[in-house]
Amino acid sequence: MSHHGLEGEAMDRTPGDDIDDAGRVGAAVRTYLLGLVLAVGLTAASFWATDTHLIYGPSVPIAISVLALAQMGVHLVFFLHITTGPDNTNNALALAFGFLIVCIVVLGSLWIMTHLSQNVHSMDQIMRMQR
Amino acid sequence: MNATATALPRHREATGHGEGGPASKRVVVGYGFWIFLLSDIIMFSAFFAAYAVLSRETAGGPSGRELFDLRDTAIQTACLLASSFTCGMASIAVGQRSQLWTQIALLVTGLLGAAFLVLEVREFTSFVERGAGPSRSAFLSSFFTLVGCHGVHVTAGLLWLGTMMAQFLAKGFRENIRHRYLCFSLFWHTLDIIWVALFSLVYLVSSVS
């Protein structure tokens, strides 16, 4: 039971998670502050991307999406404490599965619907063809 | 069981290494609620997909670019991000069993959440007054469904937050109350994650394309 001593226990715990001794309060506050700074920076970057001319216009939505994904990652690690630590393995796996479903729902819908709108004629096009 | 094992504090028992028996109640509660939150995220992803498909179908009505005021979106984002931070501060205060700091941090979290909601209701009413209600076009139907669904979640979160403040006052820092608070903090942080997707993909992307 004791062959992985305190170091092992410390590694099991996510920084900032379940603080119950006074010595770790400073470290936990710093974790949340670091998360806040990163999140504010990424938010500012994506607002900045909307009205800059430094980024090639058509690629701005991609840049915003990438920044959003990065910020979600920051929130997951620093605020929700979803990490790859041993006590967190199930949470990380569930997240991976949820991410798969979200990708299938969103990308699949977009894929199918753009094909439909390219391949199916609208009603007035059909009426014109029948004349 | 030897003497050292029984002398260890509670949270050291389950380690995820398959030693010391099943995972602690805290880990199991967090896992179960995380599964629920992921199902909520999947529901939101369906609304996101509907919005992405319909965002150009304005039926001659106003587009997102004409309607959205990015300054309001920035203020809403700041409110929700700050409230996520103060919610984290409340988690630390709960760990420290500090009634005063718990109540202060939760009150600030609630006020920021309420400010977010006020801005959202103001935005919705101004759209409806300008003739851009949910029945105007497919774009606006999907917009109101998606953003409104997030707003309903924030409203539910505020009610839950008030309940948590009252329970900490009335019942103290009992283990089951702290587990309830763990679920609340996961819920509140998840709402912020969904808002990140909302302000990026709905407000910012439609203002550039």
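For the structure, check the block above.
Residues numbered from 1 in each chain as written. Chains lettered and ligands numbered in written order. Predicted model: local features only at pLDDT ≥ 70, side-chain atom pairs only at ≥ 80, totals over all residues. Heavy atoms only, no water.

Side note on the overall build of chain A
A count of helical and extended segments in chain A gives 5 helices and 0 strands. Starting at the N terminus and ending at the C terminus, chain A contains elements arranged as α-α-α-α-α. For chain A, the residues scored as buried account for 34% of the 131 residues in total. Of the contacts formed within chain A by residues at least 6 apart in sequence, a portion of 52% connects residues at least 24 apart. (Helix = DSSP H or I, 4+ residues; strand = E, 2+ residues; numbered from the N terminus. Buried < 20%, exposed > 50% of the residue type's maximum accessible area, 1.4 Å probe, protein only. Contact = heavy atoms within 4.5 Å.)

Looking at the packing of aromatic side chains
We describe a pair of aromatic rings using the distance from one ring centre to the other and the angle between the two ring planes. All names here are of chain B. For the coordinates displayed, the defined rule picks out 24 aromatic pairs over all chains. Each ring, one from Trp-160 and one from Phe-187, has its centre 5.5 Å from the other, and the planes form 50 degrees; the classification is tilted. Highlighted residues: Trp-160 in helix H6 (residues 138-171) and Phe-187 in helix H7 (residues 175-208), separated in sequence by 27 residues. Cluster of aromatic residues (ring-pair linked, three or more members): Tyr-51, Phe-68, Phe-116, Phe-124, Phe-127, Phe-139, Phe-143, Phe-144, Trp-195 and Tyr-203. (Phe/Tyr/Trp six-rings, centres within 6.5 Å; stacked < 30°, edge-to-face > 60°.)

Some points on the pattern of salt bridges
Residue and element names in this part refer to chain B. Taken as a whole and judged by the stated rule, the model has 1 salt bridge over all chains. Asp-72 is the salt-bridge partner of Arg-122, the closest N and O atoms lying 3.8 Å from each other. Here Arg-122 is found in helix H5 (residues 99-129), whereas its partner Asp-72 is found in helix H4 (residues 70-95), with 50 residues between them in sequence. (Salt bridge = Lys/Arg side-chain N within 4 Å of Asp/Glu carboxyl O.)

Side note on the packing of H5 of chain B against H6 of chain B
Residue and element names in this part refer to chain B. Where H5 meets H6, the closest approach of the two axes is 10 Å, and the angle between their N-to-C directions is 155 degrees. Accordingly, the angle class assigned to the pair H5 and H6 is roughly antiparallel. With respect to the hand of their crossing, H5 and H6 are arranged in left-handed fashion. Class assignment for the residues of the contact of H5 with H6 results in 17 nonpolar, 10 polar and 2 charged. (Axes fitted to C-alpha atoms, helices over the stretch in contact; angles between N-to-C directions. Parallel < 35°, antiparallel > 145°, perpendicular 65-115°, else oblique. Left-handed = near helix turned anticlockwise from the far one by under 90°. Nonpolar A, V, L, I, M, F, W, Y, C, P; charged D, E, K, R; others polar.)

Details of the packing of helix H2 (residues 25-50) of chain A against H4 of chain B
Interaxial distance between H2 of chain A and H4 of chain B falls to 10 Å at its minimum, and their mutual angle equals 170 degrees. By the angle class used here, H2 of chain A and H4 of chain B are roughly antiparallel. Along the contact surface, H2 of chain A presents Val-25, Ala-28, Val-29, Tyr-32, Leu-33, Leu-36, Ala-39, Val-40, Thr-43, Phe-47 and Thr-50 of chain A, while H4 of chain B presents Leu-70, Thr-73, Ala-74, Thr-77, Leu-81, Phe-85, Gly-88, Met-89, Ser-91 and Ile-92 of chain B.

Everything listed here is a matter of coordinates, which is why it stays silent on function.
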